[in-house]
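A closer look at the structure
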Amino acid sequence: MIGALVSGLRIRLAMAWAALVAVAVLAPRLVSGDRVATLAASENQRHVFALLRAVLPNIVLGRRFVMAYDNTGTAIVTRHTDVTEVLEREADFAVVYEPKMRAITGGENFFLGMQDSPAYTRDVSNMRLVVRRDDVPDILVPLVARLSSEIVAAAPGRIDVAAELTRRVPARLVAAYFGTPGPSEGAMIDWTTRMFWYLFVDLAGVESIREGGLNAAAAMRAYLDSAIAERHAHPTEADDVLNRCLVLQRAGTPGMDDLGIRNNLIGLLIGLVPTLSKASVQALAVLLDRPEALAGAQAAARANDDAGLTAFVMEAFRFDPINPVIYRRAARDSEIARGTLRARQIPKGTMVLASNLSAMFDPLAVAAPDAFRTDRPARDYMLWGYGMHACFGGHINRALMPQMLKPVLKLKGLRRAAGAAGRVQGSPFPENLVLDFDRG
């Protein structure tokens, strides 16, 4: 009896030690944005999170891994219940984007960087009036379907999905739907990617990333200021987001002066192009590694079963979401998981890495989490954040990802190109993924 207890204790101690070693490796990788690093593969991250959930589900470290924001230490939260608790307690665990958002806009905050406030409610409400729910089925889905089909139809038996499709389609959507094409398609892709990288991905505080993001922001501000002035001088009848903003401005809507319009457009565009591109590439890459899932997705695409295709794409995306953690900073001394053995005190100023990837694979909340299933309820997915600061365009991304990938999945003999070209290249945003197929 005593021997069994000692043996069990040794196993627990060994697992705890392994978990601590995993944290020492995992935390720097999570904040680096480097998918080519030791824990590049989402599968490896999932293994580490599984170990943490079992042994050290909530761990508080004194070390500052997140250098890009002021903080006093780092906590990692892995259980589904605790991740959602952190993200629901907005007053205790605050978003941290405000300083960077003000740097991007040249002074003003954007609602993703705001706590719950009248300004937050005003700006979100204004943007819901110009980026409308019914635009998704009526305008955006048909537009993305057409743009994607045209690109794939022109491919000669080989297509670079990242460079030729998933980056270009969102940029063209920005031009047609928002009415802000930029000086060029390439410039819009570059600006939004650099700003997203600086704002959301670079937690290590790399100076070159900061410089690139702020240079892109300055160029974006100048372009949008010019575009707004041009619309004032030469009005158009286009039913695009910019014109809808100007309609609200003429009605005297608070927060919709030229500066407010510009800053809200910057925030929305940052979240559209790189997010939609990266999410689509990573979901497709998961399908390509799972022959049965790929065959199911292809059958749904060829049958024009959009609901079925969406289920395959979202489930694939669960295995490799664009962000493995959502980060917050403790606004005051707080406690999570109160009344449980895993309860932890979180000191004020601690950066909290709430792992949505781990939450989506927590067997206490998700049935058969390691299985690829297309019958999951919506609650199993935490792909676009959670709570008040969930992604503004999450419902848009969910609708558009399948449409962008649909013409690719319809191709005959779809397969990865030989060698490195057939694997996702580029970090932290996919730049290339070359696929071959049989034309005709």
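As the structure is a prediction and not an experimental result, all values here were calculated from the model.

**Overview of the sheet that holds strand 1 (residues 58–61)**
If you walk across this open sheet you meet the 5 strands as 1-2-8-5-3, and the pairing is mixed. The two strands at the open ends of the sheet, each matched to only one other strand, are strand 1 and strand 3 (93–94). For strand 1 and strand 2 (residues 73–77), the ladder comprises 4 bridges, and the chain directions are antiparallel. Looking at the pairing, N58 lines up with V77 of strand 2. Its contacts with the sheet put helix 3 (residues 80–88) on strand 1, strand 2, strand 3, strand 5 (326–330) and strand 8 (350–354), and the angle it makes with strand 8 is roughly 130 degrees.

**A few points about the packing of aromatic side chains**
Scanning all chains against the criterion turns up 15 aromatic pairs. With centroids separated by 6.0 Å and ring planes inclined at 40 degrees, the aromatic side chains of Y69 and Y327 adopt a geometry described as tilted. Residue Y69 is found in the loop between strand 1 and strand 2, and its partner Y327 is found in strand 5; the two are separated by 258 residues along the sequence. Take Y327: its relative accessible area is 5%, and that puts it in the buried class. Taking the centre distance of 5.6 Å and the plane angle of 80 degrees together, the rings of F196 and F429 count as edge-to-face. Within this pair, whereas F196 is found in helix 9 (residues 185–201), its partner F429 is found in the loop between strand 9 (412–416) and strand 10 (434–438), the two being separated by 233 residues in sequence. Across this residue pair, the class does not change: F196 and F429 are buried. The rings of Y69, Y97, F196, W197, F200, Y327 and F429 are connected pair by pair, giving a single aromatic cluster. Between the NZ or CZ atom of R128 and the centre of the ring of F392, over which it lies, the distance is 3.9 Å. The ring of F361 has R318 lying over it, and the distance from NZ or CZ to the ring centre is 4.3 Å.

Cut-offs applied
- Residues numbered from 1 in each chain as written.
- Predicted model: local features only at pLDDT ≥ 70, side-chain atom pairs only at ≥ 80, totals over all residues.
- Heavy atoms only, no water.
- Pairing = 2+ DSSP bridges.
- Helix = DSSP H or I, 4+ residues; strand = E, 2+ residues; numbered from the N terminus.
- Contact = heavy atoms within 4.5 Å.
- Axes fitted to C-alpha atoms, helices over the stretch in contact; angles between N-to-C directions.
- Phe/Tyr/Trp six-rings, centres within 6.5 Å; stacked < 30°, edge-to-face > 60°.
- Buried < 20%, exposed > 50% of the residue type's maximum accessible area, 1.4 Å probe, protein only.
- Lys NZ or Arg CZ within 6 Å of the ring centre and 35° of its normal.

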